[in-house]
Every structure is written in C-alpha cells, then in structure tokens.
Amino acid sequence: MRCFRPPTNKAASKAAAGEEKRQAKQSQQVSRDDRAAVEAGAQQDSKYQLSRIMRPDDANIVGNVHGGIILKMIEEAGCIVGTRHCNTQTGDRCLAALVRVEKTEFLSPMFIGEVAHVTAEITYTSKHSLEVQVKVLAENILTGTKKLANKAALWYVPCSLKNVNKVMDVPPIKYASEVQEQQGRKRYEAQKLERLETKARTEKVLPPPLNPEKHTVGFSQSSLIHLVGPSDCTLHSYVHGGVTMKLMDEVAGIVAFRHCNTNIVTASVDAINFHRKIDKGCVVTVTGRLTYVSKRSMEIEVLVDASSLVEADQYRAVSAFFTFISLDKDNKPLPVPPLMIDGEEEQRRSKEGEARYLQSKAKRLADREPQPE
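Residues numbered from 1 in each chain as written. Predicted model: local features only at pLDDT ≥ 70, side-chain atom pairs only at ≥ 80, totals over all residues. Heavy atoms only, no water.

Okay, the overall build of the chain next. Across its full length, the chain carries six helices and 13 strands. Counting across all 373 residues of the chain, residues that qualify as buried make up 43%. Once local pairs closer than 6 in sequence are excluded, the contacts in the chain between residues at least 24 apart make up 74%. Just so you have it, the chain exposes about 21,500 Å², and 54% of that area is on carbon and sulfur atoms. (Helix = DSSP H or I, 4+ residues; strand = E, 2+ residues; numbered from the N terminus. Buried < 20%, exposed > 50% of the residue type's maximum accessible area, 1.4 Å probe, protein only. Contact = heavy atoms within 4.5 Å. Areas by Shrake-Rupley, 256 points an atom, 1.4 Å probe, with all protein chains shown as cover.)

So this is what it looks like as structure tokens:
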C-alpha cells in the first residue's frame, strides 16, 4: 500500500510564494477594474433620463400639456443628475438645490397620450455650482414620431444634508475638448454676473379694482394661495424649484386665458432667479399680471411671496416673466386683444416689457440667420 508523503519544507515554501504572487496579481487586476468602474460610473452619473406618459390631469381642457408640468419634470431630472454627481465624492451627503433657470423656450406643444422623454446632462462644473442642460422630446407612441418640445439650462449648488447653509464642492467633469470647457466657463461667468445684477422685484402687488374693465391689467390679474406641505419639499424641507415653477405657470395661464378667452399655451419663460428659499409650512401667494401685449403674444409678470404661519415675515422669493400665445382649434396662433394701459406704473411696466419683447425677437432672428463658414 502506498502512503501519502507530505511535501518538504522547501516545496511548501515555493508553493506558498507562488500562491501569494497569484493573489497579488488578482488584487491588482481587481483594483484596476474598480477604478475603471468608478470612473465609468462618474461619467454615467453626469447624464440622466426620465420618461412619463402625459395624462389628462397634466393638460388643459383642449389637451395641451401645461408648461408648468414640463418645467417640473425638467427640474426633477436636473436635481437627480446633479445630486448623484455631487455625491460621487467623499464627505457630507448633499442635495443639489436649484438657484437659476436660464430663458426657456417651448418649441412645440405636447399633448395627452404622448410620452415625454426628459434627458438631463451636466455640461459644466465650477467649484460650487454645476450647469445642467435638459432636452424634452415628445413621442407619439402610436406612430413612433418624436419632436423636440423644450430645451432648458439650469444651475444648481450642492447643499449639505447636515447643514443647509453649507455649500459643498462640486466634483469636476471631463470635457470632450478644451473649447467645450471654455464655452461652459463663459456661460458660468455670464449667469453669475446677471444673478448679481438681478435683484428681486420688491414692489408691492396691489389688488385689482372692483369691476375692472375688460382687457385691462386689473381684469386679468390673478392670485393663487398655496400652503406648502411635505410633498412639495426636498430633504431639506424647502420647496422644490419645480413645484414653484409649476404654480407660477398655472397663475400665468389663468391671466392669459382671462385676457384672451381662448386656448393658450406657454411660449417661453425668462430667466428665473430663486432669491430666497421657501420653508415647509409657509403660505405661498403667487400673483400674475399682464405687463405687455404684442399682436400675438402676452408677457405676464409672476411674483411669488412667502410668509410664515407663525411669524409675521413676508418676503419675495421668486419673480419671473412668462410669455403666452393664443391658439385656435387647430393649434395655430391667434391675434391677441390689445392691453388697455392705465396709470404711470402700468405704462412703465409696458415699456419695459416691450423692450424685452424686441430684444427677444432680435435674438430669435439672429439665431435663424446662417452663420458664415
């Protein structure tokens, strides 16, 4: 009978050394794979898409999806991609808070039954902020056709979950080229300057007169009062920027409808700066009033005031200008009734609105002109 003979000490040492080398090699390979996975994950976290079918409660009585619904989805996608990216680094966990929305154009109407595909991508990062560009495609799931409905650019800052007043550093992204990074830096500097120059419009909103005449500012002026609840808020117990924009669009839509008494849709929203946070439990008063009317569009100033139920503190949180157009049953633009101006304040606001309208019109025409090669 043959017996098993254990290996000598020399053979055992050689086998152990070989096993150590093999494990070390495997460990190095795992580390490389982990680093590659982290880098790939960081790049993947800079882009996000959400899709949702448009339901009847998302639209007006003729089936056009409310601009506020689209703005809310845009902000949700931006918040998700921004928060994911900022939490790829060590340190306090944080949440991306919306501080500014650049001028947003509504390029094509969206209807009940269509699917909204919202794609958000981080396109620039500074030390304490990030730019998220968002595109919205509307898909007809019966025919498979898609159209570009909306484009927007939003700016976020990461706030620590432990201390909302602590702004965290933003992890840098990789740019496709140096030119792309330079263009992003120019946009960053431009919006930073504009935010410093743009102050909250603090003028008090006066109630409309009793029995105002039709097509006057007072006739269509409207207000909405909303109590901020938990479902409106972020993890910091402050109102989501998308919730505020949705309320603003609703009020602006009511103003436009009262003036035209036709189907109306959001055409664009000027840059929105969020001046102050709105706490959970606050009462929000959103007021809209016409400032300027052209032949086919209406500019509506929307002011958001917040006040505490406990303390006698009311403040202007957000303000912006919405532009609406009137549509017929075939979704073709209709002429807008002229606005009757009364008083120096209304005259001043109308002239300022006309200047914004002409500036926006000139920019649209310039963008359509072919660029020299």
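Per the stated rule, a full pass over the model turns up four aromatic pairs. Geometrically, the ring pair formed by Tyr124 and Tyr175 is tilted, given 6.1 Å between the ring centres and 35° between the ring planes. One end of the pair, Tyr124, is in strand S4 (residues 115-125); the other, Tyr175, is in the loop between strand S6 (146-160) and helix H3 (178-197), and 51 residues separate them in sequence. Relative accessible area serves as the criterion here: at 6%, Tyr124 is assigned to the buried category. Here the aromatic rings of Tyr124 and Tyr188 are separated by 5.9 Å at their centres, their planes lie at 35°, and the arrangement is tilted. Remark: Tyr188 occurs in helix H3 and Tyr124 occurs in strand S4; sequence separation between them is 64 residues. Considered together, Tyr124 and Tyr188 belong to a single accessibility category, that of buried residues. Three or more aromatic residues link up through ring pairs in this structure, and these residues are Tyr124, Trp155, Tyr175 and Tyr188. Directly above the aromatic system of Tyr315 lies the positively charged group of Arg276, at a separation of 3.8 Å from the ring centroid. (Phe/Tyr/Trp six-rings, centres within 6.5 Å; stacked < 30°, edge-to-face > 60°. Lys NZ or Arg CZ within 6 Å of the ring centre and 35° of its normal.)

Among the seven residues that make up strand S8 (residues 263-269), seven are buried, leaving the element largely enclosed by the rest of the structure. Where strand S3 (residues 104-106) lies against S8, two bridges are found, and the strand directions are antiparallel. Among the inter-strand pairings, Glu105 is bridged to a residue of S8, identified as Ser268. Here S8 runs beside strand S12 (residues 314-327); their pairing, made up of six bridges, is antiparallel. Bridging from a neighbouring strand, Ser268 pairs with Thr323 of S12. (Pairing = 2+ DSSP bridges.)

Counting residues in each nonpolar core, the largest one holds 73 residues, and the members touching the most others are Met110, Ile278, Met298 and Phe322. Apart from the residues within four sequence positions on either side, Ile278 is in contact with Val228, Ser237, Tyr238, Val239, Thr244, Val284, Val304, Ala306, Tyr315 and Ala317. With eight residues, the next largest nonpolar core counts Trp155, Val157, Cys159 and Tyr188 among its residues. (Core = buried A, V, L, I, M, F, W, Y, C linked by side-chain atoms within 4.5 Å.)

In this section: the side chain of Ser220. Mapped onto the secondary structure, Ser220 falls in helix H4 (residues 217-220). Given a relative accessible area of 0%, Ser220 falls into the buried group. Once you skip the residues sitting within four places of it in the chain, Ser220 turns out to touch Val255, Arg258, His259 and Leu290.

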